[in-house]
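Structural description and commentary
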Amino acid sequence: MTRLQEASAALDRGAPKDARPGHTVEKIGGTSMSRARELIDTILIGKREGEALYRRVFVVSAFGGITDKLLEHKKSGEPGVYALFAHADNEHGWMDALSDASRAMREINAEMFDDAGDRHAADDFVRERIEGARGCLIDLQRLCSYGHFQLAEHMQTIREMLSALGEAHSANNLTLLLRRHGVNARLIDLTGWRDESQPNLKDRIETAFAEVDFARELPIVTGYAQCREGLMREFDRGYSEVTFATIAAQTGAREAIIHKEFHLSSADPRLVGAENVRKIGRTNYDIADQLSNMGMEAIHPKAAKKLRQAGVPLRVANAFEPHDPGTLIDAEPADGPGVEMVTGLSVTSLEVFEQDMVGVKGYDAAILEMLTRHRVRIVSKVSNANSIVHHVEAPLKAIRRVERDLAALYPSARITTRRAGMVSVIGRDLRGLDIMLKGLTALSEAGIRPISAQETGRGVDVQFVVASEDREKAVKTLHRIFVEAGAKASLAEAA
């Protein structure tokens, strides 16, 4: 047990059983952070008073859109400061982008704070961090103009430094806002700003929380943590969830909570209709991993692993519906069989056909090595005697590189790719529900001709591959028969 866990346990032992049930570690995403003033009336304060305000830790992401300006746009790829600096022919591009990010941060400050003193303090904080980063980048450019120093060797560090600016800004702002509302909020800055030490993540958290009084302080923590391991090297922009999970595990939290703008539902409400979805309510980490594989991350898989191994349950809640308990994710199996979610993902089907493949070892390993080298994410795969098909999620240019290298490696093979849609029916226990048979029948009746269908035998998911243009229709069809029809039947029985 760490010092942090011992301190938390000591507080618990010194009070009645239900009075100190332990602390929670809670994460607020960037989109929710952009509505921080609304959060004051929901999850941050609401109707809480006195001690009820504390024994919680909030880990925050950067305000919506800020990390896109500092790095690159997550969806469109439009370059931000990092991307412009990496390919800079002159200083003006990235310096202008950094000034634009600074302006966006100060605009957020103006909207967030009514008090002039708070606003000035927030602006000063932004100015100090932005100008510090600007000076660092200018010095690095000058240093790398000498042949002995290569800019490429420092780009990962630059990416981490720039990303940290966004989390530091949001955490500082939220701390100021809570203090203005009478809460004893404490900024926990894990970004390592001007810190010459290089601790690992565990030591960084241990040091930062060493003197925190959970019962009387409300820690507001940066989602980025500077550490020897380099979080972005492995997790890129999923680092905040790993920081969140590590803090929850390391401090022995009673529960970890992720606050989103929506509930974890049986399908995308924008696709099947908000009136047709139902909140999942309860599931386990196995299903969280299946959702992540299908591009619907309840939590990053590595973060989920940390919580699962530490025995910390995860709750996914709607930040703007504070009285709804949301969905609990733990390690427990289902009480009975049932479908929990239907979701779809656009994929590329990469097929390698080689007539001489049968009985020969090495094809699968070589293809896997190629996909790994080009950072192509595998969603699913299937094979037979002389063909191997990987359903992957990656940019087209990465797929083309894989095709080129495979063609060079296997000149007599036929390599084909096509866009497709993968639709997955997911649940903790699908055994005995005839998901594949009923699903194929429903798709056929809806005029959808599946390319393939598969299940692993574990009874947690069944995957249907359809034409790319049929993906959304397939999700609606399968959700209607497996979720909506079941809900209507339950209502009829209750009546």
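In the block above lies the structure referred to throughout.
Basis of the calculations
Residues numbered from 1 in each chain as written. Predicted model: local features only at pLDDT ≥ 70, side-chain atom pairs only at ≥ 80, totals over all residues. Heavy atoms only, no water. Helix = DSSP H or I, 4+ residues; strand = E, 2+ residues; numbered from the N terminus. Axes fitted to C-alpha atoms, helices over the stretch in contact; angles between N-to-C directions. Left-handed = near helix turned anticlockwise from the far one by under 90°. Contact = heavy atoms within 4.5 Å. Nonpolar A, V, L, I, M, F, W, Y, C, P; charged D, E, K, R; others polar. Buried < 20%, exposed > 50% of the residue type's maximum accessible area, 1.4 Å probe, protein only. Pairing = 2+ DSSP bridges. Salt bridge = Lys/Arg side-chain N within 4 Å of Asp/Glu carboxyl O.

A positive phi angle, near 60 degrees, is found at Arg55, a position not held by glycine. Relative to the helices and strands, Arg55 is located in the loop between α3 (36–44) and β2 (56–60). Not every positive phi belongs to a glycine, and Arg375 is a case in point at roughly 55 degrees. The topology assignment puts Arg375 in the loop between α15 (363–373) and β10 (377–383).

With that out of the way, let us pick up the packing of α15 against helix α16 (residues 396–409). Here α15 crosses α16 at 150 degrees, and the two axes come no closer than 10 Å. Viewed along their axes, α15 and α16 form a crossing whose handedness is right-handed. Here Ala366, Ile367, Met370, Leu371 and Arg373 of α15 come into contact with α16, specifically with Val402, Asp405, Leu406 and Leu409. Across the contact of α15 with α16, the residue classes break down as seven nonpolar, no polar and two charged.

Within strand β7 (residues 314–318), five of the five residues are buried, which leaves it mostly tucked inside the rest of the structure. Side chains of β7 alternate between two faces, with Leu314, Val316 and Asn318 and Arg315 and Ala317 buried alike. Summarising the sheet, strand β5 (residues 255–260) and β7 pair through five bridges and their orientation is parallel. When the sheet's bridge partners are listed, Lys260 is paired in β7 with Asn318.

This part covers the pattern of salt bridges. Within the structure shown, the criterion is met by 30 salt bridges. For Asp100, the salt bridge identified is with Lys69, shortest N-O distance 3.0 Å. You can see Asp100 sitting in helix α6 (residues 92–112) and its partner Lys69 sitting in helix α4 (residues 66–70), a full 31 residues away along the chain. The shortest N-O distance in the salt bridge between Glu128 and Arg194 comes to 3.5 Å. Of the two residues, Glu128 sits in helix α7 (residues 116–143) while Arg194 sits in the loop between β3 (185–188) and α9 (201–209), which places them 66 residues apart along the sequence. A relative accessible area of 35% means that Glu128 is categorised as partly exposed.

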